[in-house]
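If you want the building blocks of each chain, they are given just below.
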Amino acid sequence: MELISFLKSIDIFSDLSDGDLNLLADRSQIIAYTDNKTIIKRGDIGRFLWIVYDGKVEVSLPKAEGGSQVVATLGRGNIVGEMSIVTGDPAIADVVSSGICNLVKIPRDTLSQLIARNPKSLSKIAKIITKRLIQNERDEQHEELKRAAHSENNDPYDLNFSSMDDPMKILVINCGSSSLKYSLFDTNSNFPLIEGLVEKIGSGDASHRMKTLKTKKEESVSHVNEMKEAFEIMIATITDKNTGVVKDISEINAVGHRIVQGGDRFTSSVVIDDTVMEAIKSYFPLAPLHNPYNLKGVEQMKYTLPSTPQIAVFDTSFHRTIPENASTYALPYTICEKEKIRRYGFHGTNHQFVALSAATHLRRPSGELKIISCHLGSGASVCAIDHGRSIDTSMGMTPLEGLIMGTRAGDVDSGAILHLMRAGLSIEEIDRVLNKESGLKGISGKSNDMREVLEGAEAGDVRCKTALGAFCYRVKKYIGSYIAALGGIDVLIFTGGIGENSAEIRARTCQGLEYFGINLSMDENRKVRPQRGSVNDISEPGSKVRILVIPADEEKMITRETLHALGRVRSKHEIQMFRSRPIPLSISAHHIHVSQADFESLFGKGRTLTPKAELSQYGQFAAWETVNLIGPKGKIDHVRILGPFRKESQIEISRTEQFKLGIDAPIRDSGDIEGTPGIVLEGELGQLKLSKGAICAKRHIHMSPEEALSLGLRDRDVVMVQVKGVRTLIFGDVFVRVHPEFKLDMHLDTDEANAAQIMEGILGYIDSIQQRHYV
């Protein structure tokens, strides 16, 4: 009762009902601190609201010359951490106890759900957050402090499950045609409690290997003829009283399933229901060797744990951001559309994992890095990652395209396939040749195992030498092409069994790439012995590009994606809230934002923008002044300048206009212009050549802090929006932008609006949360 009375005395909670106050108190904790104990460390991701219950705490900011200074002392009833509800940004200050004190700790999600249904509380906390956002915007040091805070966070992308308030046990399943791979994670630990593999199921020679943090075991299970029996072995192992890690299978909170093919529908992990299962079935023709067996695993676990959430994590989801010019095959368009032929890409789960691991290790935001990830194993692929988004990958419609692999051919002239068909080979025989008899095995005639190929080459085997050289050349060629596609490179990653363990393959691959700033340290490359969870730098100290060896950990990433999918599940009340809040749609034509210096170069010293008309967002306006855009191919006249001035000039155009200008502008958040193409601006006084700045802006929603709080959203969340126009459509990858001066409004560019037959005045509704913002 004392805690309830205390919470009632806090202004933002004073209007809560007794029921909501009881719920808030039930989910809150009072934490005791002795003197000089850290409550919030600079760099921590804010996942709680803190209220001083008694005693005092000190808030400290870093000083430029080193050390820190106390900027505030807080006492009973003062609040800390309120910004996390809307921004999710890392804390820029240290909060430390000053003497003995007690604080009330309230989970962010609990608070968000409560205030969203209590208008008075929502309005009060929105005012506090709005005031802080405005103060931060005026503070010239804030962005620098925020960037420094990011560099101090040890888990900015939740790879070690630090977002979890309460521990959970997650079972990860990878079900193949004749194998079952499993891992069980407890979110209190960075490593699996147990992992195992049942393989050669139905062959009469099945085996089972398992290991925990303390034990290992390998046994013959030749009697296992069906997948159901393999699952029974897994469950018996997990719950074994001697070597198991849970007393009962019901302790598992969720099951994450690796699903190879998610087609063009799934952009992130999802909770599996009947609709998702039907979608997985519909992609059987695209992944006949994987999806049917992946789905069997889902069905088996739904039978075993009928009340436990099952999550699908797709290999292809990370690659859904690959632009059309990279995903399109030069086949008749109608055939591709009918047969769903396009480049989907695979290994996405691990490519994303190692990219985020690299950003964490380098203490730089993933959104500013250009990364090439080389997943080299029996299956192999290279991925180009631009500012956190996959823009190209070597595998295509199937895992057969791209690099030379253990038994897969990779890139082959289509004419060679036709030649084999004319020579009398059947489709089944060609399938076997390309998937089972090619690659390292096919060239060497010896083995599909790179270790054996290296041994053969060392012994003088000519075909092994050819296989080795061809493998490294193909990887090197893809790296070079992706440097061109990215417009540069910051990080080169080696992962997968070969990438992690073969110093020779890494050295051969990097030879000749010095021109691009890729300088391998021979000593570090030879010495490195990667361990699970490690990031190993093997580049020369002065290398422009960091070369990293990062062990693959798809199971850990599937666990993370399972947790995030559960975190995106909304209650019935929240879903109703989404559907009852219409979002006006605006069609955004081409426009330009300019810096004052660039404007004066084009229109004269001392000139300023002349407002013509106010825009939907407060303080923004269309100016009378226009410029002409001049590209390598063409020109667009009278492009309106929008005010006020910005720090750097930025041009926002549609895909159609890119073609007219002859440039290839990437899809980016507004303000993210590093590595974008430049363009020539033409104004009253002549021309100005910009070295960067042309983008296609991500589709986005503007909203105020109060609107975001009412919908339970945070700045930089990604949502799906349903629009009911001439036909009902759902737009994915809609970026949420929260600012005190914004009001609810969704922006589409002219190409998207025309394609969807959307007119001004049509309304949209948030359908679901696609991705929560993690730094």
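Below is a summary of the structure that appears in this document. (Residues numbered from 1 in each chain as written. Predicted model: local features only at pLDDT ≥ 70, side-chain atom pairs only at ≥ 80, totals over all residues. Heavy atoms only, no water.)

Brief notes about the overall build of the protein
Looking only at helices and strands, one finds 25 helices and 35 strands in the protein. The C-alpha extent of the protein, read off along each of the three principal axes, is 75 × 70 × 60 Å. Each of the 775 residues in the protein was classed as buried or not, and the buried ones make up 53%. For the protein, the share of sequence-separated contacts (at least 6 apart) that also reach a separation of at least 24 residues comes to 68%. As displayed, the protein has an accessible area near 34900 Å², and 49% of this comes from carbon and sulfur atoms. (Helix = DSSP H or I, 4+ residues; strand = E, 2+ residues; numbered from the N terminus. Buried < 20%, exposed > 50% of the residue type's maximum accessible area, 1.4 Å probe, protein only. Contact = heavy atoms within 4.5 Å. Areas by Shrake-Rupley, 256 points an atom, 1.4 Å probe, with all protein chains shown as cover.)

Here we look at helix α6 (residues 227–238)
For α6, which comprises 12 residues, the first-to-last C-alpha distance of 17 Å matches the rise-based estimate of 16 Å (1.5 Å per residue) to within 8%. Buried within α6 are the following residues: Met227, Ala230, Phe231, Ile233, Met234, Ile235, Thr237 and Ile238. Considering only its buried residues, α6 is in contact with β7 (169–175), β8 (180–186), β9 (194–199), β10 (207–212) and α8 (291–304). (Expected span 1.5 Å × (residues − 1).)

As for the sheet that holds β7
Reading across the sheet, the 8 strands line up as β11-β10-β9-β8-β7-β12-β14-β13 and stay open at both edges, with mixed pairing between neighbours. Only two strands of the sheet have a single neighbouring strand rather than two, namely β11 (216–220) and β13 (270–271). Where β9 meets β10, 6 bridges bridge the pair, whose relative direction is antiparallel. Within β10, the residue paired with Ile194 across the bridge is Thr212. Where α6 meets the sheet, its contacts fall on β7, β8, β9 and β10, and the angle it forms with β8 comes to roughly 30 degrees. (Pairing = 2+ DSSP bridges. Axes fitted to C-alpha atoms, helices over the stretch in contact; angles between N-to-C directions.)

Quick word on the packing of aromatic side chains
Applying the stated criterion across every chain, the model contains 9 aromatic pairs. Between Tyr478 and Tyr482 the ring centres are 5.7 Å apart and the planes differ by 65 degrees, which places this aromatic pair in the edge-to-face class. Here Tyr478 and its partner Tyr482 are both found in helix α16 (residues 462–486), 4 residues apart, which amounts to about one turn of the helix. Each member of the pair, Tyr478 together with Tyr482, is buried. Chaining the aromatic ring pairs together yields one cluster made of Tyr33, Phe48 and Trp50. In this arrangement the basic side chain of Arg76 is found over the ring face of Tyr53, its NZ or CZ atom lying 5.2 Å from the centre. The residue whose ring lies beneath Lys633 is Phe659, and the NZ or CZ to ring-centre distance is 4.5 Å. (Phe/Tyr/Trp six-rings, centres within 6.5 Å; stacked < 30°, edge-to-face > 60°. Lys NZ or Arg CZ within 6 Å of the ring centre and 35° of its normal.)

A short note on the pairing of β8
With 6 of 7 residues buried, β8 lies mostly within the body of the structure. Sheet analysis places β7 next to β8, joined by 7 bridges and oriented antiparallel. Looking across to β8, one finds that Asn174 is bridged to Lys181. Between the antiparallel neighbours β7 and β8 lie 4 residues. Of the strand pairs in this sheet, β8 and β9 are connected by 5 bridges, and their pairing is antiparallel. Across the sheet, residue Leu184 finds its bridge partner in β9, namely Ile194.

A look at the side chain of Ser357
Its location among the elements puts Ser357 in helix α11 (residues 348–362). Owing to a relative accessible area of 7%, Ser357 belongs among the buried residues under this scheme. For Ser357, the contacting residues outside a window of four places in its chain are Leu159, Val535 and Ile550.

Quick look at helix α3 (residues 108–116)
By the criterion of burial, α3 is predominantly enclosed, with 7 of the 9 residues buried. Among all positions of α3, only Arg108, Thr110, Leu111, Ser112, Leu114, Ile115 and Ala116 are buried. Contacts made by the buried residues of α3 are with α2 (18–27), β3 (48–62), β6 (94–107), α4 (119–138), α21 (572–580) and α24 (705–711).

Thoughts on the pattern of salt bridges
Counted by the stated rule, this structure contains 44 salt bridges. Its salt-bridge partner being Glu684, residue Arg607 comes within 3.2 Å of it at the nearest N-O pair. You can see Arg607 sitting in the loop between α22 (596–603) and β23 (611–614) and its partner Glu684 sitting in the loop between β28 (679–683) and β29 (686–690), a full 77 residues away along the chain. Looking at Arg607, the relative accessible area reads 29%, which means it is partly exposed. According to the relative accessible area criterion, Glu684 is exposed, its value standing at 55%. Lys698 serves as the salt-bridge partner of Asp669, at 3.0 Å between the closest nitrogen and oxygen. Of this pair, Asp669 sits in the loop between β27 (667–668) and β28 while Lys698 is found in the loop between β30 (694–697) and β31 (700–703), placing the two residues 29 residues apart along the sequence. (Salt bridge = Lys/Arg side-chain N within 4 Å of Asp/Glu carboxyl O.)

Overview of the sheet that holds strand β32 (residues 718–724)
Here we have 6 strands rolled up into a closed barrel, ordered β21-β34-β31-β33-β32-β35, and mixed in their pairing. On average, each strand axis in the sheet is inclined to that of its neighbour by 45 degrees, with strand direction left out of account. As judged from the 6 bridges shared by β32 and strand β33 (residues 728–738), these two strands associate in the antiparallel manner. Bridge pairing in β33 links Lys724 to Thr728.

Side note on the packing of helix α1 (residues 2–9) against α2
It is at 9 Å that the axes of α1 and α2 come closest, and there the two elements cross at 115 degrees. When the interaxial angle is binned, α1 and α2 end up roughly perpendicular. When the axes of α1 and α2 are compared, the crossing they make is right-handed. For the pair α1 and α2, the contacting residues are Leu3, Ile4, Leu7 and Lys8 in the first and Leu21, Asn22, Leu24 and Ala25 in the second. (Parallel < 35°, antiparallel > 145°, perpendicular 65-115°, else oblique. Left-handed = near helix turned anticlockwise from the far one by under 90°.)

Re the pairing of strand β15 (residues 370–376)
Of all 7 residues in β15, 7 are buried; the element is thus mostly enclosed. Side chains Lys370, Ile372, Cys374 and Leu376 of β15 all project onto a buried face; the interleaved residues Ile371, Ser373 and His375 project onto the opposite face, where all are buried too. When β15 meets strand β16 (residues 380–386), the two strands line up antiparallel, connected through 7 bridges. Residue pairing for β16: Cys374 is matched across the bridge by Val382. Between β15 and β16, which pair antiparallel and follow one another directly, the connecting turn spans 3 residues. One ladder, built from 5 bridges, connects β15 with strand β18 (residues 491–495); its direction is parallel. Among the inter-strand pairings, Ser373 is bridged to a residue of β18, identified as Ile493.

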